[in-house]
Amino acid sequence: PSYRFDVSAFYYDYKDMQMATYNGVAAIATNAATSSIYGAETQLYTLVGDSLTANIGLAYVRGEYDDYPTAPFWVGGTSELLPGESLKFFGQTFEAVERDAEGNQMQRSPKVTGNIGLQYSAALGGGTLRVGGDYFYTSKFFFDPGNQFEQDAYGLLNLSAGWTDPTDRWTMSLFGKNVLD
């Protein structure tokens, strides 16, 4: 066929999930008592013409801690910390304390991601020229169970061009990653 369309849905119910946060390079492992993740994703791949292909994808994920009473939170610092119990961040010292993260978005779990890509190929000089680009988007997500350290939503645009010789043995390519910075 000239197209392929995929759809999936999922649900995960975790018990005693181990979570890691970091103090510098030291990992802090804790137990998120229960958490759940559900969502759906879809992908469409199609041949637009003899030489052009396109793909587009979209995913929605809801990941949340259902019960996490001992989640590490970082609070404004104190000068009476023992070595290894503090975090230096922009010149301030923060202390790790336990708080309840019930209802918080799971770390590194964006709610929405999407992608779109195009690739064109044509005969050139006896070989094959391929030119393409793809764009990836992710909504904001958090690096910690307390939802204190956030990564804003962002998009990445990647471009490529390559030529393969007539024997299919050699390829020369140029890649541009994150060309919009």
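Since the model is a prediction, treat every value here as computed from it, not as a measurement.

A. Just unusual backbone geometry, in detail. If you check the backbone angles, Asp 16 has positive phi at about 55 degrees while not being a glycine. Mapped onto the secondary structure, Asp 16 falls in strand β1 (residues 3-23).

B. Spatial organisation of the pattern of salt bridges. In the structure shown here, the tally under the stated rule is three salt bridges. With its nearest N and O atoms 3.4 Å apart, the salt bridge here joins Asp 6 to Arg 4. Given the relative accessible area of 35%, Asp 6 is considered partly exposed. Its salt-bridge partner being Arg 62, residue Glu 64 comes within 2.8 Å of it at the nearest N-O pair. The exposure class assigned to Arg 62 is buried, which follows from its relative accessible area of 16%.

C. Structural view of the environment of Arg 130. Relative to the helices and strands, Arg 130 resides in strand β8 (residues 127-138). Judged by its relative accessible area of 37%, Arg 130 is partly exposed. Along the chain, Arg 130 and Thr 164 lie 34 residues apart, while their C-alpha atoms are 8.3 Å from each other. When near neighbours in sequence (up to four residues on either side) are disregarded, Arg 130 contacts Gln 119, Tyr 120, Ser 121, Ser 160, Ala 161, Gly 162 and Thr 164.

D. Here's a closer look at the confidence of the model for the protein chain. Here the protein chain averages 88 in pLDDT, and 89% of its residues register 70 or above. Every residue in residues 79-84 is under pLDDT 50, and counting partners more than four places away or in other chains gives five contacts.

E. Seen up close, the packing of aromatic side chains. Tallied over the entire structure, the rule returns four aromatic pairs. Centre to centre, the rings of Phe 10 and Tyr 12 are 5.8 Å apart; their planes meet at 40 degrees, and the pair counts as tilted. Their ring planes at 70 degrees and their centres at 5.4 Å tell us that Phe 141 and Phe 143 sit as a pair that is edge-to-face. A relative accessible area of 32% means that Phe 143 is categorised as partly exposed. In textbook terms, an aromatic cluster arises when at least three aromatic residues are bridged by ring pairs, as seen for Phe 10, Tyr 12 and Tyr 14.

F. Main features of the nonpolar core. If you look at the biggest cluster of nonpolar residues, it comprises 11 residues: Met 17, Met 19, Ala 32, Ile 37, Val 61, Tyr 65, Tyr 68, Ala 71, Phe 73, Ala 101 and Met 106. Elements represented by at least two residues in this core include exactly β1, β2 (26-47), β3 (52-67) and β4 (71-76). With residues up to four places along the chain from it excluded, the contact list for Phe 73 reads Glu 95, Ala 96, Val 97, Arg 99, Asp 100, Ala 101, Asn 104, Gly 146 and Gln 148.

Calculation notes
- Residues numbered from 1 in each chain as written.
- Predicted model: local features only at pLDDT ≥ 70, side-chain atom pairs only at ≥ 80, totals over all residues.
- Heavy atoms only, no water.
- Helix = DSSP H or I, 4+ residues; strand = E, 2+ residues; numbered from the N terminus.
- Salt bridge = Lys/Arg side-chain N within 4 Å of Asp/Glu carboxyl O.
- Buried < 20%, exposed > 50% of the residue type's maximum accessible area, 1.4 Å probe, protein only.
- Contact = heavy atoms within 4.5 Å.
- pLDDT = per-residue confidence, 0-100.
- Phe/Tyr/Trp six-rings, centres within 6.5 Å; stacked < 30°, edge-to-face > 60°.
- Core = buried A, V, L, I, M, F, W, Y, C linked by side-chain atoms within 4.5 Å.

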